[in-house]
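Residue-level structural notes
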Amino acid sequence: MPASRRLLVRILHLWGRWTRGVTLGVRAVVIDADGAVLLLRHTYVPGWHLPGGAVDPGETAEAAILRELQEEAAILATAPRLHGLLLNLNLAARDHVAVYVVEQFEQGQPQVPNREIAEIGFFPASGLPPGTTPATRRRLAEVREGLPAPAHW
């Protein structure tokens with residue numbers, strides 16, 4: 001990723017820090033019938049991540065993850081289960097992420113690549129793509145092993 005884009009992402013995070021008291025994001029561990037997990041690669045940050053995004057004002061975390069899955073991967077999910085609410089100290093001391101597990105869904109045809117998403121795909125747990133972020137690997141291991149979510153991202 002070009003240095004100018006990394007700088008822009010950092011500036012946007014800092015702006016959010018100054019303009020909001022607490023930030024809330026959502027991520028989903030989407031598991032298909034074969035046990036493969038959905039990962040995506042953004043255009044603006046390196047690595048493979050769980051799908052998700054920000055909770056909009058007036059929106060519940062569950063509504064946000066359902067919206068984000070539809071927008072990013074054309075997934076219509078039902079019955080998301082909350083895995084945990086984690087404090088993400090990587091960006092700010094006020095950033096929280098609600099992680100959901102989704103095992104019931106229908107997938108349409110995602111419009112990828114686009115301005116936000118470079119690639120998406122389902123990957124077996126034993127064959128995650130190179131560049132899968134450490135936090136993504138930790139969330140997947142927790143869900144796979146039935147462990148509770150930790151306090152921190």
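Residues numbered from 1 in each chain as written. Predicted model: local features only at pLDDT ≥ 70, side-chain atom pairs only at ≥ 80, totals over all residues. Heavy atoms only, no water.

Remarks on the overall build of the protein chain
Condition: Each helix is a run of DSSP H or I of at least 4 residues and each strand a run of E of at least 2, with the numbering of both proceeding from the N terminus. The size measure is the radius of gyration over C-alpha atoms, and the globule rule it meets is 2.2 Å times the number of residues to the 0.38 power. Burial status follows relative accessibility: with a 1.4 Å probe on protein chains alone, a residue under 20% of its type maximum counts as buried, one over 50% as exposed, and anything between as partly exposed. For every accessible area listed, the method is Shrake-Rupley and the probe measures 1.4 Å; residues are considered covered only by the protein chains on display. Charge convention: Lys and Arg are scored as positive, Asp and Glu as negative, and His as well as the terminal groups of each chain are ignored. For the purpose of locating charges, the reference atoms are NZ of Lys, CZ of Arg, CG of Asp and CD of Glu.
Within the protein chain one finds 3 helices and 9 strands. Listing every helix and strand of the protein chain by position from the N terminus yields α-β-β-β-β-α-β-β-β-β-β-α. Taken over C-alpha atoms, the radius of gyration comes to 15 Å for the protein chain, in line with the 15 Å a tight globule of 153 residues would show. By principal-axis analysis of the C-alpha atoms, the protein chain measures approximately 45 × 30 × 30 Å. Relative to its 153 residues, the protein chain shows a buried fraction of 41%. Summed over its atoms, the accessible surface of the protein chain is roughly 8,600 Å², and 57% of this surface lies on carbon and sulfur atoms. Counting 15 positive and 15 negative side-chain charges, the protein chain places the centres of these two groups 12 Å from one another.

A word on the pattern of salt bridges
Rules: Here, a salt bridge means any side-chain nitrogen of Lys or Arg that lies within 4 Å of a carboxyl oxygen of Asp or Glu.
Applying the stated criterion across every chain yields a total of 6 salt bridges. Salt-bridge contacts for Arg67 lead to Glu59; the nearest nitrogen and oxygen are separated by 2.8 Å. With its nearest N and O atoms 3.4 Å apart, the salt bridge here joins Arg67 to Glu71. Taken as a pair, Arg67 and Glu71 lie in helix α2 (residues 61-73) at a separation of 4 residues, close to a single helical turn. Accessibility expressed as a relative area gives 51% for Glu71, which makes it exposed. Several salt bridges share partner residues, and in doing so they unite Asp56, Glu59, Arg67, Glu68 and Glu71 into one network.

Let's talk about α2
For the record, the criterion: The span you would expect from a helix comes to 1.5 Å times its residue count less one. Our arc is simply the arc of the directions from the helix axis toward the C-beta atoms.
For α2, which comprises 13 residues, the first-to-last C-alpha distance of 18 Å matches the rise-based estimate of 18 Å (1.5 Å per residue) to within 8%. Among all positions in α2, only Ala61, Ala64, Ile65, Glu68, Leu69, Glu72 and Ala73 are buried. Along the axis of α2, the buried residues cluster in a sector spanning 130°; they form a single face.

Points about the nonpolar core
Where we set the bar: Put simply, buried Ala, Val, Leu, Ile, Met, Phe, Trp, Tyr and Cys residues joined by side-chain atoms within 4.5 Å make one nonpolar core. Contact between two residues is taken to exist if any of their heavy atoms lie within 4.5 Å; hydrogens are not considered.
Of all hydrophobic cores here, the largest spans 16 residues; its most connected members are Val29, Val37, Leu39 and Leu140. For this core, the elements supplying multiple residues, two or more each, are β2 (37-42), β7 (95-102) and α3 (134-145). Among residues more than four places away in sequence, those in contact with Val29 are Val37, Leu50, Val99, Tyr100, Val101, Val102, Leu140 and Val143. Among the nonpolar cores identified, the runner-up in size contains 15 residues, and Val30, Val55, Ile65 and Ala77 belong to it.

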